[in-house]
Amino acid sequence: QVPLVESGGGVVQPGGSLKLSCTTSTNILDIYAMAWYRRGHGKQRELVAHISKSGRTNVVDALKGRFTISRDITKNAIYLQMNSLTPEDTAVYYCNADQGGHGLGTTDSFWGQGTQVTVSS
């Protein structure tokens, strides 16, 4: 089990920024990979960004330049910095952990409860 707790969501105006946090009691260096997903209202869940055990990061092409994923191994936390937010970024954002190398977003991975991000004027 990898307990995950997200925080940092809220309401922000278009063009604003938010930084989401995901913390765990598990040593993140024991986790194969971690990621941020999101699900907008009436939409499919989609991958936003992921970070590997080695610290290699990737943000999906559509969000590159606006979103950044990072981590702090001393805090067992990963982060998602979101800039230049638009209403289309409104979604519940979920933290995901693949502890055993079975794949992010799979039924063998672990999920947080999600944090709501609303971009609205």
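Everything numeric in this text was worked out from a predicted model, so none of it was measured. Along every chain, residues carry numbers that run from 1 in the direction the sequence is written. Confidence filtering applies because this is a predicted model: local features only for residues at pLDDT of at least 70, side-chain atom pairs given and counted only at 80 or more, and all residues used for totals across whole chains, interfaces and linings. Excluding hydrogens and water, the side-chain values take into account all heavy atoms of the structure.

Draft legend 1. Inspection of the overall build of the protein at higher detail. Secondary structure summary: the protein contains zero helices and eleven strands in total. A helix here means a DSSP run of H or I that spans at least four residues, while a strand means a run of E at least two residues long, and both kinds are numbered starting from the N terminus. Tracing the protein from N to C terminus, the helices and strands come up as β-β-β-β-β-β-β-β-β-β-β. By its C-alpha atoms, the protein is 40 × 30 × 25 Å across when sized along the principal axes. When each of the 121 residues of the protein is scored for burial, the buried share is 44%. Whether two residues are in contact is decided by their heavy atoms, any of which lying within 4.5 Å being enough. Put simply, of all contacts in the protein between residues at least 6 apart along the chain, 55% involve residues at least 24 apart. Carbon and sulfur atoms make up 47% of the accessible area of the protein, which totals about 6300 Å². Relative accessible area decides the class of each residue, using a 1.4 Å probe on protein chains only: under 20% of the type maximum gives buried, over 50% gives exposed, and in between gives partly exposed. Methods summary: accessible areas were calculated by the Shrake-Rupley approach with a probe of 1.4 Å, and residue burial reflects only the protein chains presented.

Draft legend 2. Region of the structure containing the state of the cysteines. The term disulfide is used for any two cysteine sulfur atoms that are within 2.5 Å. If you walk through the whole model with that rule in mind, you get one disulfide. Residue Cys22 pairs covalently with Cys95 via a disulfide, S to S 2.0 Å. With the S-S bond torsion at -80°, the cross-link from Cys22 to Cys95 turns out left-handed. Here Cys22 is found in strand E3 (residues 18-23), whereas its partner Cys95 is found in strand E9 (residues 91-98), with 73 residues between them in sequence. By the burial criterion, Cys22 is buried, and Cys95 matches it.

Draft legend 3. Geometry of the side chain of Thr115. With respect to the helices and strands, the residue Thr115 is situated in strand E11 (residues 115-119). Pairs of N or O atoms are called polar contacts if they sit within 3.5 Å, as long as, within protein, a hydrogen donor faces a hydrogen acceptor (for residues adjacent in sequence, only side-chain-to-side-chain pairs). Only 3.1 Å separates the side chain of Thr115 from the backbone nitrogen of Gly9, close enough to count as a polar contact.

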